[in-house]
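Structure at a glance
Chain by chain, the residues run as shown.
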Amino acid sequence: QVQLVESGGGLVQAGDFLRLSCAASGGTFSSYVMGWFRQAPGKDREFVAAINWSGGSTSYGNFVKGRFTISRDNAKKTVSLQMNSLKPEDTAVYYCAAGWRIVQTAGAYDYWGQGTQVTVSS
């Protein structure tokens, strides 16, 4: 079993950037597909990005449009999400997740962090 802890959220202005990090403990981190999801108030949890065990394959939600980049460091057991050109509609709680396949369905991921708040002001 793996435990996930996100960090790096905060309050920024539109057009700014943030880098989210997720630190893993327990389990075999390098075996997992790692993903980022987000959830805004009153909305369903939404797929943001995912990366396979080696970092050689990634997937992004349609709304990302080149603004976000997911990466991982297996030696440090971390996965990061670089978010550029942030928009007010990016405001949400961002969650790190671990699973076995690169899919955009939240239910396919077995382990979740507690989330980190990202707020983008206009």
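Residues numbered from 1 in each chain as written. Predicted model: local features only at pLDDT ≥ 70, side-chain atom pairs only at ≥ 80, totals over all residues. Heavy atoms only, no water.

1. Examining the overall build of the protein chain
The helix and strand tally for the protein chain stands at zero helices and 11 strands. Of the regular secondary structure in the protein chain, the N- to C-terminal order runs β-β-β-β-β-β-β-β-β-β-β. For the protein chain, the C-alpha atoms occupy an extent of roughly 40 × 25 × 25 Å along the three principal directions. Across the 122 residues that make up the protein chain, the buried fraction comes to 43%. Summarising the internal contacts of the protein chain: among those between residues at least 6 apart in sequence, 57% fall at separations of at least 24. For the protein chain, the exposed area adds up to about 6000 Å²; of that, 48% sits on carbon and sulfur atoms. Measuring between centres, the 11 positive side-chain charges of the protein chain sit 4 Å from its 8 negative side-chain charges. (Helix = DSSP H or I, 4+ residues; strand = E, 2+ residues; numbered from the N terminus. Buried < 20%, exposed > 50% of the residue type's maximum accessible area, 1.4 Å probe, protein only. Contact = heavy atoms within 4.5 Å. Areas by Shrake-Rupley, 256 points an atom, 1.4 Å probe, with all protein chains shown as cover. Lys, Arg positive; Asp, Glu negative; His and termini not counted. Charge placed at Lys NZ, Arg CZ, Asp CG, Glu CD.)

2. Things to note about the sheet that holds strand β1 (residues 3-7)
Pairing within the open sheet is antiparallel, and its four strands lie in the order β1-β3-β8-β7. Two strands close off the open sheet at either side, each with one partner strand: β1 and β7 (68-73). Within this sheet the neighbouring strands show an average axis-to-axis angle of 15°, counted without direction. Of the pairings in the sheet, the one linking strand β3 (residues 18-25) to strand β8 (residues 78-83) comprises six bridges and is antiparallel in character. Its bridge partner lying in β8, Leu-20 is registered against Leu-81. (Pairing = 2+ DSSP bridges. Axes fitted to C-alpha atoms, helices over the stretch in contact; angles between N-to-C directions.)

3. Concerning the side chain of Glu-6
Its location among the elements puts Glu-6 in strand β1. Although Glu-6 is buried, it forms no salt bridge, and the closest oppositely charged side chain is Arg-45 at an N-O distance of 7.6 Å. Within the structure, the side chain of Glu-6 is placed 3.0 Å from the backbone nitrogen of Gln-114, a separation counted as a polar contact. At 2.9 Å, the side chain of Glu-6 and the backbone nitrogen of Gly-115 are in polar contact. Those residues in contact with Glu-6 that sit more than four places away from it in its chain are Ser-21, Cys-22, Trp-36, Tyr-94, Tyr-95, Cys-96, Gly-113, Gln-114, Gly-115 and Thr-116. (Salt bridge = Lys/Arg side-chain N within 4 Å of Asp/Glu carboxyl O. Polar contact = N/O pair within 3.5 Å; in protein donor to acceptor, adjacent residues only side chain to side chain.)

4. Let's talk about the environment of Gly-15
Residue placement: Gly-15 occurs in the loop between β2 (10-13) and β3. Look past the residues within four positions of Gly-15 in its chain and what remains in contact with it is Ser-85 and Leu-86.

5. With respect to the pattern of salt bridges
Scanning the model with the defined rule gives three salt bridges in all. Glu-46 is paired through a salt bridge with Arg-38; the nearest N and O atoms lie 2.8 Å apart. A salt bridge links Asp-90 to Arg-38; the shortest N-O distance between them is 2.8 Å. Highlighted residues: Asp-90 in the loop between β8 and β9 (92-99) and Arg-38 in strand β4 (residues 33-39), separated in sequence by 52 residues.

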